[in-house]
Amino acid sequence: MGTFQPEETHESRSSSKSFALRWKHENMRQMALIAIFSIALTIMILLVVYGQAGKQISLVIDGKAQVVETRTGMLQEMLEEQSITVSPHDKVSMSMNGAITDGDRIVIERAVPVNITADGNTKTLYTTDSSVQDAIQKSGIQVASNDKVYPALGTAVKADMKIRVVRVTKRTVNVEQPIAYKVIKTANPSLYKGDNRVVVNGKEGTLVQHIEKVFQDGEMVSKKMVGKSVANNRVDKVIAVGTKAKPVVKEPEVQTVSAQTSTTKTATTTNSKKTSASGSKVITVSGTSFKYSKVLKNVSMTAYSSEEPGIGTKTASGTRVTEGRTIAVDPKVIPIGWWVYIEGLGFRRAEDTGGAIKGNKIDVYYDSVKHALNFGRKKGKTVYVIGPVKPEAN
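Small disclaimer: the values here were computed from a predicted structure and weren't measured.

Draft legend 1. Region of the structure containing the sheet that holds strand 10 (residues 183-192). Strand order in the open sheet formed by three strands is 10-14-11, and the pairing between neighbours is mixed. The two strands at the open ends of the sheet, each matched to only one other strand, are strand 10 and strand 11 (196-200). Mean inter-strand twist for the sheet, computed between neighbouring axes without regard to direction, equals 35 degrees.

Written out as structure tokens, the structure is:
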């Protein structure tokens, strides 16, 4: 008997091979996904292990550096671990939720409070800026070129520092001052002596001074003259003085009468001189004793200068203006050429006149217009009228 062999057909072998190919094709995608997931899981595990490993972090707080060791993964966790608090105003070099790695350098700048006062308001600002200028810029306060800041902009910021911004404004105003006219006398040979006539009426001019006023936070702190101009020119008063000699009529009767009159005048003059001499009073000032003919009370005084437009260097009496000597007066009160003693000022000589100088008023001459302006107006002064000769020291 022969051995029975199962019949192998071509169809059966083909079916087995097809099944294997189908299984491989259907499960290849799943195998690839499993492989990728395994690799990702491995990487995550490694990252967690690495993150949990010890790290050394360089921490700088307000310029002071320290090295801390941590196993935390985020900055906030590390700061909590080290009991370090950070306020909302502090400046941190990285995000609080940021991941930290070994060797990182983290800088923390503490904010300090400063008080800034400007425009009448004071506010508290927390800042990490290093200078006053940076703190003001951060506050949003505008500082103009003329404004002042205390302390200075370059000053280092400190905790609880008081910063003040002073607003500085400048304003120019115009101040009008009268320009006194001069009296000019001219010789006129066609008029008899003693016959004086006004040829041109005097008229005051107008000087406009440009004064710059400086204000700090609305209060004036200084003022100065930055310029001047003449709005109206003065017109000097011109008087024609007669120089022609009057004719003399000789008659005997007249001569006799004239002689008697002359004798009477001489006697009257002598008596007058005696009365004047006996009526004079003597006063001693700074080692100088002098007689004076009268005293002027409540005299008002101002000052003028040849630097002012329209003011020349020649006086009405023909002399040259001299500081420390020349004054302008009313000839009806103080004769031209006479010396006076002004209380608190000293000896001065009446050499000039002015259209605005009337009654008990005196204009004192200064070379500098600045000194004349600083002199201002003084009232209630006492003036001793002496005479044409200046007293000499004893």
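Now that the structure has been shown, the text picks up again.
Draft legend 2. Layout of the nonpolar core. Membership of the largest hydrophobic core comes to 18 residues, with the highest contact counts inside it found for I334 and I362. Elements with a minimum of two residues in this core: strand 17 (294-305), strand 19 (339-342), strand 21 (361-366), helix 5 (369-375) and strand 22 (378-387). Ranked by residues supplied to this core, first place goes to strand 17 with four residues. Setting aside residues up to four positions removed in sequence, I334 forms contacts with L296, V329, V340, A350, I362 and V385. In terms of nonpolar packing, the next biggest core, distinct from the first, is built from 13 residues, I116, A118, A135 and I141 among them.

Draft legend 3. How the structure looks around the pairing of strand 22. Bridge count for strand 17 against strand 22 is five bridges, and the pairing is antiparallel. Across the sheet, the residue bridging to M301 is K378, located in strand 22. Where strand 19 meets strand 22, four bridges bridge the pair, whose relative direction is antiparallel. Following the sheet pairing, I342 is matched in strand 22 by V383.

Draft legend 4. Geometry of the pairing of strand 5 (residues 112-118). Note that strand 5 and strand 6 (residues 121-127) share seven bridges and pair antiparallel. Considered in strand 6, the bridge of N115 is made with T124. Connecting the antiparallel pair strand 5 and strand 6 is a turn made up of two residues, with D119 showing a positive phi of about 55 degrees. As paired strands, strand 5 and strand 8 (residues 161-166) are joined by five bridges and run parallel to one another. Within the sheet, the bridge partner assigned to T117 lies in strand 8 and is R164.

Draft legend 5. Up close: the pattern of salt bridges. Taken as a whole, this structure holds eight salt bridges when the rule is applied. The salt bridge partner of D236 is R234, with a shortest N-O separation of 3.1 Å. For R234, a relative accessible area of 18% gives the class buried. Connected through shared salt-bridge partners, D119, D147 and R167 make up one network.

Draft legend 6. Highlighting the environment of G98. Note that G98 resides in the loop between strand 3 (91-92) and strand 4 (105-109). On the basis of relative accessible area, G98 is assigned to the buried category, the value being 15%. Note: C-alpha distance between G98 and M74 (24 residues apart in sequence) is 5.6 Å. Setting aside its immediate chain neighbours within four residues, G98 contacts G73, M74 and L75.

Draft legend 7. Region of the structure containing the packing of aromatic side chains. Under the counting rule described, the total for this entry stands at seven aromatic pairs. Considering the side-chain rings of Y304 and Y365, the 5.5 Å spacing of their centres and the 65 degrees angle between planes classify their relative orientation as edge-to-face. Here the residue Y304 occupies a position in strand 17, and Y365 occupies one in strand 21, the gap between them amounting to 61 residues. Classification of Y365 by relative accessible area gives buried; the value is 3%. Taking 6.5 Å as the distance between ring centres and 50 degrees as the angle between the ring planes, the aromatic pair formed by Y341 and Y384 counts as tilted. Of this pair, Y341 sits in strand 19 while Y384 sits in strand 22, and the two are 43 residues apart along the sequence. For Y384, a relative accessible area of 16% corresponds to the buried category. Of the aromatic side chains, those joined through ring pairs into one cluster are F290, Y292, Y341, F347 and Y384. Across the ring face of F375, the terminal group of K378 is positioned such that the distance to the ring centre comes to 4.8 Å.

Draft legend 8. Quick look at the sheet that holds strand 1 (residues 55-61). Pairing is mixed across the open sheet formed by four strands, whose spatial order is 2-1-4-3. A single partner strand is all that each edge strand has here, and the edge strands are strand 2 (64-70) and strand 3. Sheet topology note: the strand 1/strand 4 ladder contains four bridges and is parallel. Across the sheet, residue S58 finds its bridge partner in strand 4, namely R105.

The rules behind each value
Once a new chain begins, its residue numbering starts again from 1 and follows that chain's sequence as written. Where local features are concerned, this predicted model is filtered to residues with pLDDT of at least 70; where side-chain atom pairs are given and counted, the filter is 80 or more; whole-chain, interface and lining totals use all residues. Only hydrogens and water are set aside when side-chain values are computed; all heavy atoms of the structure are taken into account. The criterion for strand pairing is that DSSP finds at least two bridges linking the strands in question. Each helix corresponds to a stretch of at least 4 residues labelled H or I by DSSP, and each strand to a stretch of at least 2 residues labelled E; elements are numbered beginning at the N terminus. Axes here mean lines fitted to C-alpha atoms, for a helix over just the part in contact, with angles spanning 0 to 180 degrees between N-to-C directions. Nonpolar cores were defined as sets of buried Ala, Val, Leu, Ile, Met, Phe, Trp, Tyr and Cys residues, with membership established by side-chain atoms within 4.5 Å. Classification of residues uses two cut-offs on accessible area relative to the type maximum, computed with a 1.4 Å probe and protein chains only: under 20% is buried, over 50% is exposed, and between them is partly exposed. The criterion used for residue contact is that any of the two residues' heavy atoms lie within 4.5 Å. By convention in these notes, a salt bridge is any Lys or Arg side-chain nitrogen within 4 Å of a carboxyl oxygen on Asp or Glu. Ring pairs are drawn from Phe, Tyr and Trp, using the six-membered ring of Trp, whenever the two centres fall within 6.5 Å, and their geometry is named by plane angle: stacked under 30 degrees, edge-to-face over 60, tilted for the rest. Charge over a ring is defined by NZ of Lys or CZ of Arg lying within 6 Å of the ring centre and within 35 degrees of the ring normal.

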